[in-house]
2 protein chains.
Amino acid sequence: MARKTGDKYQAIIDAAVKVIARHGYHHAQVSKIAREANVADGTIYLYFKNKDDILISLFKEKMGSFFETTHHHLNELDRAEDKLRELIHLHFSLLSENRDLAIVTQIELRQSDPDIRYQIGVTMKRYFQIIDDIVSQGIEEGVFRDDLDVRIIRRMIFGTIDEAITAWVMKDQKYDIVSLTDSFHSLFVNGLRAR
Amino acid sequence: MARKTGDKYQAIIDAAVKVIARHGYHHAQVSKIAREANVADGTIYLYFKNKDDILISLFKEKMGSFFETTHHHLNELDRAEDKLRELIHLHFSLLSENRDLAIVTQIELRQSDPDIRYQIGVTMKRYFQIIDDIVSQGIEEGVFRDDLDVRIIRRMIFGTIDEAITAWVMKDQKYDIVSLTDSFHSLFVNGLRAR
DNA sequence: TTATGGTGACTGAATGTTCATTCATTGTGT
DNA sequence: ACACAATGAATGAACATTCAGTCACCATAA
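Residues numbered from 1 in each chain as written. Chains lettered and ligands numbered in written order. Predicted model: local features only at pLDDT ≥ 70, side-chain atom pairs only at ≥ 80, totals over all residues. Heavy atoms only, no water.

Some points on the interface of chain B and chain A
Right, on to step 1. Taken residue by residue, the interface counts 45 residues in chain B and 44 residues in chain A.
Right, on to step 2. Summing both sides of the interface, chain B and chain A together bury roughly 4,000 Å²; the carbon and sulfur share of this comes to 59%.
Right, on to step 3. Considering only the surface of chain B that becomes buried against chain A, Arg-145, Arg-155 and Leu-192 of chain B emerge as the three largest contributors, covering 20% of it.
Right, on to step 4. When the shortest N-O distance is used, the salt bridge between Glu-81 of chain A and Arg-193 of chain B registers 3.1 Å.
Right, on to step 5. Inspection of the region where chain B meets chain A yields 21 residue pairs in polar contact (both at pLDDT 80 or more).
Right, on to step 6. Sorting the residues of the side of chain B that touches chain A by element identifies helix H5 (80-97), helix H7 (114-141), helix H8 (150-170) and helix H9 (181-190) of chain B as the ones contributing at least two each.
Right, on to step 7. Among the elements that line the side of chain B that touches chain A, the one with the most residues is H8 of chain B, at 13 residues.
Right, on to step 8. Split by residue class, the side of chain B that touches chain A holds 23 nonpolar, 11 polar and 11 charged. (Contact = heavy atoms within 4.5 Å. Buried area = accessible area lost by both parts, 1.4 Å probe. Salt bridge = Lys/Arg side-chain N within 4 Å of Asp/Glu carboxyl O. Polar contact = N/O pair within 3.5 Å; in protein donor to acceptor, adjacent residues only side chain to side chain. Helix = DSSP H or I, 4+ residues; strand = E, 2+ residues; numbered from the N terminus. Nonpolar A, V, L, I, M, F, W, Y, C, P; charged D, E, K, R; others polar.)

Okay, structure coming up:
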């Protein structure tokens, strides 16, 4: 059980992304994922404990590596404001370039047992930490306001990005979301008030 | 089928909220909902087309009436800024006062077939329209910036509120979210920049 | 007043389907 | 000839939905 390496492990995860994106969570039977991965039904269980484990692993693998990439990119930059722009840009880019993954993470994987949800939550914490760090840095630099809880600010940033991507996915990705990076950045930093 | 009135119709919807909140979507069998509503399994099908129809109706009834309330409250106010504060306040209040409903709408109902999702989307449009109206009014009044698409601003407002409530639900509602109204309002209006 | 019949709401056991999971068997490389 | 990977048909559990039967109530007539 649960060998975490090998071509088949990756093949099954990629097949799962494809099948779930195309048919929806409720019609993503194990047998369908197996066929897409060119593997027998039983083989799935040599690599994953059960069906939930496929979904948890999928999220950890795909999002985990995205978070790593983000972390490294941000380290190249100095100012909190620039880091924030880069974060928005990377988030929009990644999901633009992976439509299937966007559908799965924004829509299909939101349905799940407490188990899966819990595991997703654990993985997400790393991302929240990255955002919190940017905000804290901005406050220290004196360019971000210091009268609000960091978590409130983080929720605005994450909630807005998340909602924007979900809307983009729902609209069948008809517009270029990456080009909206600066609008969102400016909205965060300058707020709603006319000036 | 689908009598939309009567005690039992409401009883079944309320039972569904309770059962889904307590046991999660995947363990909310029709028979469990029936038992909670003090009704036989078969009776459900006198009032609802099928299980999905329960969920769709649940969302329409509960959220629909919330949107109405919101709409009326906002009409009592003049300035866009005040309307925005009231919107945040109402949204936080409603879901604070209905823990079960909050769990169901924020978490459990996000899992669902395209069908349910579509119907939820239709219902949500009314709410998005309410937010869009506030934003448009603010721009006309000259107090909100006019260089961004109204929908981008709406996504910030809705996304932030939604994320905040989800986080509150996930943390087992350990803090008073209503008291955060002004923080969020100030964050929207004044943005992130130190001043 | 009491029997009769009709109506429609309600019941819940039985049905049938849909999969996730298992495991006896087969294949492959060394 | 051994070890290990892979197979896929068979299993059984879960559960939405159905429907033949019961019940409660009312109107009418004797």
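Let's talk about the packing of helix H5 (residues 80-97) of chain A against helix H9 (residues 181-190) of chain A
In helix packing, the relevant descriptors are the interaxial angle and the interaxial distance, both defined with respect to the helix axes.
Residues and elements named next belong to chain A.
Right, on to step 1. Relative orientation of the contacting elements H5 and H9 amounts to 140°, with a least axis distance of 9 Å. In terms of their interaxial angle, H5 and H9 are classed as oblique. Along this stretch, H5 crosses H9, giving a crossing that reads as right-handed. The segment H5 lies against H9, with Glu-81, Leu-84, Arg-85, Ile-88, His-89 and Phe-92 engaging Thr-181, Asp-182, Phe-184, His-185, Phe-188 and Val-189.
Right, on to step 2. For the contact of H5 with H9, the class distribution of residues is six nonpolar, three polar and three charged. (Axes fitted to C-alpha atoms, helices over the stretch in contact; angles between N-to-C directions. Parallel < 35°, antiparallel > 145°, perpendicular 65-115°, else oblique. Left-handed = near helix turned anticlockwise from the far one by under 90°.)

Looking at the relation of the copies chain B and chain A
Right, on to step 1. If you rotate chain B by 180° and push it 0.0 Å along the axis, it lands on chain A with an RMSD of 0.1 Å. Overall, the copies show the geometry of a two-fold rotation axis.
Right, on to step 2. When you check the interface residues of chain B against chain A, 98% turn up at the interface there too, and the contact is symmetric in its surfaces. (Least-squares fit on C-alpha atoms with pLDDT ≥ 70 in both.)

So, the environment of His-23 of chain A
Right, on to step 1. Relative to the helices and strands, His-23 of chain A resides in helix H1 (residues 7-23).
Right, on to step 2. Sequence separation between His-23 of chain A and Leu-94 of chain A is 71 residues; the distance between their C-alpha atoms is 22 Å.

Notes on the protein's contact with DNA strand D
Right, on to step 1. Taken together, 15 residues surround DNA strand D, and among them Ala-40, Thr-43 and Tyr-47 of chain A together with Gln-29 and Tyr-45 of chain B come closest.
Right, on to step 2. Close to the protein, within 4 Å, the atoms of DNA strand D belong to sugar or phosphate groups at a rate of 74%.
Right, on to step 3. Here a base nitrogen of DNA strand D and a backbone polar atom of Gly-42 of chain A are 3.2 Å apart.
Right, on to step 4. Between DNA strand D and the protein, one listed contact pairs a phosphate oxygen with a side-chain N or O atom of Thr-43 of chain A at 2.4 Å.
Right, on to step 5. Grouping the amino acids of the surface near DNA strand D by side-chain chemistry returns six nonpolar, five polar and four charged. (Near = heavy atom within 4 Å.)

Topic: the packing of aromatic side chains
Right, on to step 1. Tallied over the full model, the rule gives 14 aromatic pairs over all chains.
Right, on to step 2. Ring centres 5.1 Å apart and planes at 85° place the aromatic pair Phe-128 of chain A and Phe-158 of chain A in the edge-to-face group. You can see Phe-128 of chain A sitting in helix H7 (residues 114-141) and its partner Phe-158 of chain A sitting in helix H8 (residues 150-170), a full 30 residues away along the chain.
Right, on to step 3. Taking relative accessible area as the criterion, Phe-158 of chain A reaches 9% and is therefore assigned buried.
Right, on to step 4. Measuring from centroid to centroid gives 5.6 Å for Phe-92 of chain B and Phe-184 of chain B, while their planes differ by 70°, and the two rings are edge-to-face. With Phe-92 of chain B in helix H5 and Phe-184 of chain B in helix H9, the pair connects residues that are 92 residues apart, well separated along the chain.
Right, on to step 5. Using a relative accessible area of 1% as the deciding quantity, one classes Phe-92 of chain B as buried.
Right, on to step 6. On the basis of relative accessible area, Phe-184 of chain B is assigned to the buried category, the value being 1%.
Right, on to step 7. Grouping aromatic residues by their ring pairs yields a cluster made of Phe-66, Phe-67, Tyr-127, Phe-128 and Phe-158 of chain A.
Right, on to step 8. Taking the ring centre of Tyr-25 of chain B as reference, the NZ or CZ of Lys-51 of chain B above it sits at 5.8 Å. (Phe/Tyr/Trp six-rings, centres within 6.5 Å; stacked < 30°, edge-to-face > 60°. Buried < 20%, exposed > 50% of the residue type's maximum accessible area, 1.4 Å probe, protein only. Lys NZ or Arg CZ within 6 Å of the ring centre and 35° of its normal.)

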